[in-house]
Amino acid sequence: MASQASLLLQKQLKGTPQKFNMHPVDGFSAGLVDEKNIFEWSVTIIGPPDTLYEGGFFNAIMTFPQNYPNSPPSVRFISDMWHPNVYSDGRVCISILHPPGDDPSGYELASERWMPVHTVESIMLSIISMLSGPNDESPANVEAAKEWREKRDEFKKKVSRCVRKSQEML
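If you're wondering where the values come from, they're calculated on a predicted model, not measured in any experiment.

Basis of the calculations
- Residues numbered from 1 in each chain as written.
- Predicted model: local features only at pLDDT ≥ 70, side-chain atom pairs only at ≥ 80, totals over all residues.
- Heavy atoms only, no water.
- Core = buried A, V, L, I, M, F, W, Y, C linked by side-chain atoms within 4.5 Å.
- Buried < 20%, exposed > 50% of the residue type's maximum accessible area, 1.4 Å probe, protein only.
- Helix = DSSP H or I, 4+ residues; strand = E, 2+ residues; numbered from the N terminus.
- Contact = heavy atoms within 4.5 Å.
- Pairing = 2+ DSSP bridges.
- Axes fitted to C-alpha atoms, helices over the stretch in contact; angles between N-to-C directions.
- Arc of directions from axis to C-beta.
- Polar contact = N/O pair within 3.5 Å; in protein donor to acceptor, adjacent residues only side chain to side chain.
- UniProt positions renumbered as here; feature names shortened; annotations may be inferred.
- Expected span 1.5 Å × (residues − 1).

Visitor: Break down the nonpolar core for me, citing the residues and quoting the values.
Guide: Counting residues in each nonpolar core, the largest one holds 39 residues, and the members touching the most others are Met-62, Phe-77, Ile-123, Met-124 and Ile-127. Sorting the residues of this core by element identifies helix H1 (4-22), strand S1 (28-32), strand S2 (40-46), strand S3 (57-63), strand S4 (74-77), helix H2 (120-132), helix H3 (142-150) and helix H4 (152-168) as the ones contributing at least two each. When residues in this core are grouped by element, the largest group, 7 residues, is from H2. Discounting residues that sit within four places of it in the chain, Phe-77 has contacts with Ile-45, Phe-58, Asn-59, Ala-60, Val-86, Asp-89, Gly-90, Val-92, Ile-127 and Met-130.

Visitor: Go over the sheet that holds S4 with me, naming the residues and quoting the values.
Guide: Pairing within the open sheet is antiparallel, and its 4 strands lie in the order S1-S2-S3-S4. The sheet is open, and its two edges are formed by S1 and S4, each paired on a single side. Direction aside, neighbouring strands of the sheet carry axes that sit 25° apart on average. Here 4 bridges tie S3 to S4, and the two strands are oriented antiparallel to one another. Its bridge partner being in S4, Ile-61 is matched across the sheet by Arg-76. Seen against the sheet, H2 touches S1, S2, S3 and S4 and runs at an angle of roughly 40° to S2.

Visitor: Can you explain H3? Please cite residues and give values.
Guide: Taken together, the buried positions of H3 are Ala-144, Ala-145, Glu-147 and Trp-148. Buried residues along H3 cover an arc of 160° about the axis, so they all sit on one side. Summarising the geometry of H3, the exposed residues directed more than 90 degrees from the buried face are Val-142, Glu-143 and Glu-150. The inward-facing, buried residues of H3 abut H4. You can read the cap of H3 off the contacts: a side-chain oxygen lies 3.2 Å from the backbone nitrogen of Glu-143, and it is on Asn-141.

Visitor: Which residues make up the environment of Gly-56, and what values do they have?
Guide: Counting through the fold element by element, Gly-56 comes out in the loop between S2 and S3. Between the C-alpha atom of Gly-56 and that of Met-115, which follows or precedes it by 59 residues, the distance is 29 Å. For Gly-56, the residues in contact, after removing those within four places along its chain, are Ile-45, Ile-46, Gly-47, Val-163, Ser-166 and Gln-167.

Visitor: Help me get a handle on the UniProt feature "active site" (unreviewed entry) in the protein chain, residues and values and all.
Guide: When the UniProt feature table is mapped onto this chain, "active site" (unreviewed entry) is found at Cys-93. The topology assignment puts Cys-93 in the loop between S4 and H2. Its relative accessible area of 14% is what places Cys-93 among the buried residues. Among residues more than four places away in sequence, those in contact with Cys-93 are Asn-85, Tyr-87, His-98 and Ala-140.

Visitor: A description of the side chain of Asp-136 should follow, citing residues and the corresponding values.
Guide: As for its position among the elements, Asp-136 is in the loop between H2 and H3. When residues no more than four places from it in sequence are discounted, the contact partners of Asp-136 are Ala-145, Trp-148 and Arg-149.

Visitor: Got a sec to walk through H4? Specific residues and values, please.
Guide: Here H4 is 17 residues long and its end C-alpha atoms lie 24 Å apart, about the 24 Å a rise of 1.5 Å per residue gives. All of the buried residues in H4 are Phe-155, Val-159, Cys-162, Val-163 and Ser-166. Buried residues of H4 fall within an arc of 100° about the axis and therefore sit on the same side. Across H4 from its buried face, at more than 90 degrees, point the exposed residues Asp-153 and Glu-168.

Okay, structure coming up:
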């Protein structure tokens, strides 16, 4: 018997192609890593226009927990990514991917954290927004955040390398 999580994910996956053909969402594509595992998705995020990431094709894995949508998925870039809100191992750190409820450190409001109404589309749009405007006040990658603030030219060079490398992987 299928779980609530797998049924919801199947519905989102099946709705994705038709929905996006009728109302395209620029900036990403999504599908299963393995047809036998509805809980692991492969996503490609296209670098947003007018940003340092423009022209890049960044691959990531979105892993959903068994109790989705009550808990958030995790997203990890498998393409090289230099960004204040991406850990060195590729894990994305944005508010909507943090567990629901109050933030133990008091930095985020509960309303900014995960809520079961979020979908693959809303998560991807949040990641695209993150690429457009890094949050260097609460960085996952302190070195990238410091470069973003203090050595913008060095930061731009590293991002340009990531963009070029992502294009070569096509």
